[in-house]
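These are the residues of each chain, in order.
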Amino acid sequence: MNNQTAVRAPERRVVMDIKNLTKKFPLEDGKYVTACDDINLRAYEGETLGVIGESGCGKSTLVRTILQIHPATSGEVFFEGKDILKTKGEERRENRRKIQMIFQDPTAAFDPKMKVKDILCEPLLNFGLIKKSEIGEKARELLRMVELPEDFAERYPHSMSGGQRQRLGIARALSLEPKIVVCDEATSALDVSVQEKVCRLLVKLQKERGITYIFICHDIGLVDLMCDSIAVMYLGNIMEVIEHGRISEKARHPYSKALMRAIFKVDFRRGEKVQPLEGEIPSPRDLPSGCPFHSRCPECAEICAKEKPALKEKEPGHWTACHFA
Ligand SMILES: Nc1ncnc2c1ncn2[C@@H]1O[C@H](COP(=O)(O)OP(=O)(O)OP(=O)(O)O)[C@@H](O)[C@H]1O
Ligand SMILES: [Mg+2]
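Residues numbered from 1 in each chain as written. Chains lettered and ligands numbered in written order. Predicted model: local features only at pLDDT ≥ 70, side-chain atom pairs only at ≥ 80, totals over all residues. Heavy atoms only, no water.

Asker: How should I be thinking about the site of ligand 1 in this particular structure?
Answerer: Near ligand 1, the surroundings consist of 13 residues, among which Ser 55, Gly 56, Lys 59, Ser 60 and Thr 61 are the closest. Contact with the protein chains removes 62% of the 630 Å² of surface that ligand 1 exposes when unbound. For the shell around ligand 1, the secondary structure elements donating two or more residues are strand S2 (32–44) and helix H1 (59–66). Among the elements that line the shell around ligand 1, the one with the most residues is H1, at three residues. Its residues assigned to classes, the shell around ligand 1 comprises five nonpolar, six polar and two charged. (Near = heavy atom within 4 Å. Areas by Shrake-Rupley, 256 points an atom, 1.4 Å probe, with all protein chains shown as cover. Helix = DSSP H or I, 4+ residues; strand = E, 2+ residues; numbered from the N terminus. Nonpolar A, V, L, I, M, F, W, Y, C, P; charged D, E, K, R; others polar.)

Asker: Just checking my understanding: could you explain the packing of aromatic side chains for this structure?
Answerer: For any two aromatic rings, the description comes down to two numbers: the centre-to-centre distance and the angle of the planes. A full pass over the atoms with the stated rule returns three aromatic pairs. Members of the aromatic cluster, joined through ring pairs, are Tyr 234, Tyr 255 and Phe 293. The ring centre of Tyr 44 lies 3.8 Å from the NZ or CZ of Arg 12, which sits over that ring. The positively charged end of Arg 93 is found above the aromatic ring belonging to Phe 127, 4.5 Å away from the centroid. (Phe/Tyr/Trp six-rings, centres within 6.5 Å; stacked < 30°, edge-to-face > 60°. Lys NZ or Arg CZ within 6 Å of the ring centre and 35° of its normal.)

Asker: Would you explain unusual backbone geometry in this entry?
Answerer: Trans is the common state for peptide bonds, and a negative phi is the common state for residues other than glycine. Positive phi, close to 60 degrees, is recorded for Glu 147, a residue that is not glycine. Mapped onto the elements, Glu 147 comes out in the loop between helix H4 (135–145) and helix H5 (162–174). Look at Leu 235: it is not a glycine, yet its phi comes out positive at around 50 degrees. Turning to its location among the elements, Leu 235 is positioned in the loop between strand S9 (229–234) and strand S10 (237–243). Taking the relative accessible area as the measure of exposure, Leu 235 reaches 5% and is therefore buried. (Buried < 20%, exposed > 50% of the residue type's maximum accessible area, 1.4 Å probe, protein only.)

Asker: How should I be thinking about the packing of helix H3 (residues 116–126) against H5 in this particular structure?
Answerer: Each pair of packed helices can be summarised by the angle the axes make with each other and by the distance between the axes. Put simply, H3 and H5 touch, their axes get as near as 7 Å, and they point 30 degrees apart. One element, H3, and the other, H5, form an angle in the roughly parallel class. Crossing geometry of H3 relative to H5 is assigned as right-handed. Each of Val 116, Ile 119, Leu 120, Glu 122 and Pro 123 in H3 lies in contact with H5, whose residues at this interface are Leu 168, Ala 171 and Arg 172. (Axes fitted to C-alpha atoms, helices over the stretch in contact; angles between N-to-C directions. Parallel < 35°, antiparallel > 145°, perpendicular 65-115°, else oblique. Left-handed = near helix turned anticlockwise from the far one by under 90°. Contact = heavy atoms within 4.5 Å.)

Asker: Honestly, the sheet that holds strand S7 (residues 180–184) in this entry has me stumped. Any pointers?
Answerer: Strands pair in a sheet through their backbones, by hydrogen bonds, and they do so in one of two ways: parallel or antiparallel. What the eight strands build is an open sheet, ordered S6-S7-S8-S3-S9-S10-S12-S11; its pairing is mixed. Edge positions in the open sheet fall to strand S6 (99–102) and strand S11 (312–315), since each of these has one partner strand only. Averaged over neighbouring strand pairs, the angle between their axes works out to 25 degrees when direction is ignored. Note that S10 and strand S12 (residues 318–320) share three bridges and pair antiparallel. When the sheet's bridge partners are listed, Ile 242 is paired in S12 with His 318. Across the sheet, helix H2 (residues 89–98) is in contact with S6 and S7; its angle to S6 comes to roughly 45 degrees. (Pairing = 2+ DSSP bridges.)

Asker: Teacher, can you tell me more about H1 here?
Answerer: Owing to its 3.6 residues per turn, the α-helix brings residues three or four apart onto one side. By the criterion of burial, H1 is predominantly enclosed, with six of the eight residues buried. Buried within H1 we find Lys 59, Thr 61, Leu 62, Val 63, Thr 65 and Ile 66. Once H1 finishes, Gln 68 follows within two positions and takes phi at roughly 65 degrees, a positive value.

Asker: What's the story with the environment of Thr 107 in this structure? I'm lost.
Answerer: Assignment of secondary structure puts Thr 107 in the loop between S6 and H3. C-alpha separation for the pair Thr 107 and His 158, spaced 51 residues apart in sequence, amounts to 8.3 Å.

Asker: What exactly am I supposed to notice about H4 here?
Answerer: Buried within H4 are the following residues: Ile 135, Lys 138, Ala 139, Leu 142, Leu 143 and Met 145. For H4, the angular spread of the buried residues around the axis is 155 degrees, confining them to a single face. Where H4 ends, the next residue or the one after it, Glu 147, has phi of about 60 degrees, a positive value. (Arc of directions from axis to C-beta.)

Asker: Would you mind showing me how to read the nonpolar core here?
Answerer: Looking at soluble globular proteins, one finds that nonpolar side chains tend to be buried together. Within the largest apolar cluster, 59 residues are counted, with the highest numbers of intra-cluster contacts made by Ile 52, Ile 170 and Ile 247. Look past the residues within four positions of Ile 52 in its chain and what remains in contact with it is Lys 59, Cys 217, Ile 220, Val 223, Ile 230, Ala 231, Val 232, Met 233, Ile 247, Leu 259 and Met 260. (Core = buried A, V, L, I, M, F, W, Y, C linked by side-chain atoms within 4.5 Å.)

Asker: Is there a simple way to think about the pairing of S2 in this case?
Answerer: Residues in a regular strand point their side chains to alternate faces of the sheet. The sheet contact formed by strand S1 (residues 14–26) and S2 spans nine bridges and is antiparallel. Looking across to S2, one finds that Val 14 is bridged to Tyr 44. Counting the residues that bridge the hairpin from S1 to S2 gives five residues, and of these Gly 30 lies at a positive phi of roughly 90 degrees.

Structure, rendered in C-alpha cells:
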C-alpha cells in the first residue's frame, strides 16, 4: 500500500499505570481491611476507564489512594513516567492539579457562603493561575464551557438544581486543565435525563481536551456507553478487564457474568427485584485463600480454593483472573 494512503490506527498512550497497588486499613484489633489487593490497571490518554463492582469492593479506595488521599500500603502509580506516590512538595502539588476528582455530591465540596464565581475560581487562585481581578471573566468562561448561563456567576450554589451543581463541579475540576479526571459515582444522584446531559457534556469535553476519565459507576448500562475499557472489581481485586467492548456482551469471568445476571434478568415492570449474588461476600478483614470469588463461584473447582489466579490477557484486550474463564 502507498504510504500516503495508508491509514494507521492512532497509537494509544498510557497516562496512568497502576502497578501492584495495595491498600490495607489497620484496625484496632491489629487486623487489616484489605480494600485494594495488588491491583494492576492502565488508563489511556483521551479514553475512559470504567470501574464496576459491588458496594464495598474497593472502588473509592482505589481512586482515593491514587489521589493520595490515603497513603498506599504498597505498589506504584506511574503518571507521566514517575511514581506519583513517591512525589513530594511542588511536584506533588502539580500532580494534584493534573489529576482532579468529581464527586457524587459536589455540594459537600462547596462553601455555601461563596458565590458561584468564587467557587469556580478558587482552585485557579490557589495555584496562582489567575489574578483576583480576572475572576468574573474566568467564571463566565467556565460557565459557558459547561453550558450554564453566565449570570449564574453571581448566584449561590443552593439556588441551583442538582444537575446544575454537578456542572459546577465539572467546571471547577476542569478549570485546572487536568489530564485525568476521576468521577466517583459523579452522575449517580441525578435523574436519568439530567444524567444523560451531564454524560454528554463529559464526553464532549473529553473529545475537545483529550482528558482521561476514571469512571466509577454502579450502572452497568451507563458504564458500557461511557467507557473504552472496563475493569470489574471484587473484594479489592481486579477480576476482569475488557478493552473496547461492552461488558454486557463480553464478560467471561464468572463474577462478571453473575453481576450481569443479577442486573439484566430483572423485569422491573413485573415488579421483580434485583437478585443479589448468591452466598455471603467474604469479609475484607479475612480474605479467603485462592481466588477471592471461589466461595460464591458456580464454576468453582478444587484449584480455585488453593491458588489465586493471576490477571492474564487471554485474548487481545481482554484480561481475566480465573483458572478457567
Ligand atoms: N478509612 C477507612 N478505614 C477502614 N476501612 C475502610 C476505610 N475506607 C474504606 N474502608 C473499607 O474498605 C472497603 C472498600 O470500601 P470502598 O469505599 O472503597 O468501597 P466502594 O467499592 O467504593 O463501595 P461503594 O460502591 O459502596 O461506594 C470496605 O470494606 C470499607 O469498609
Ligand atoms: Mg465508593
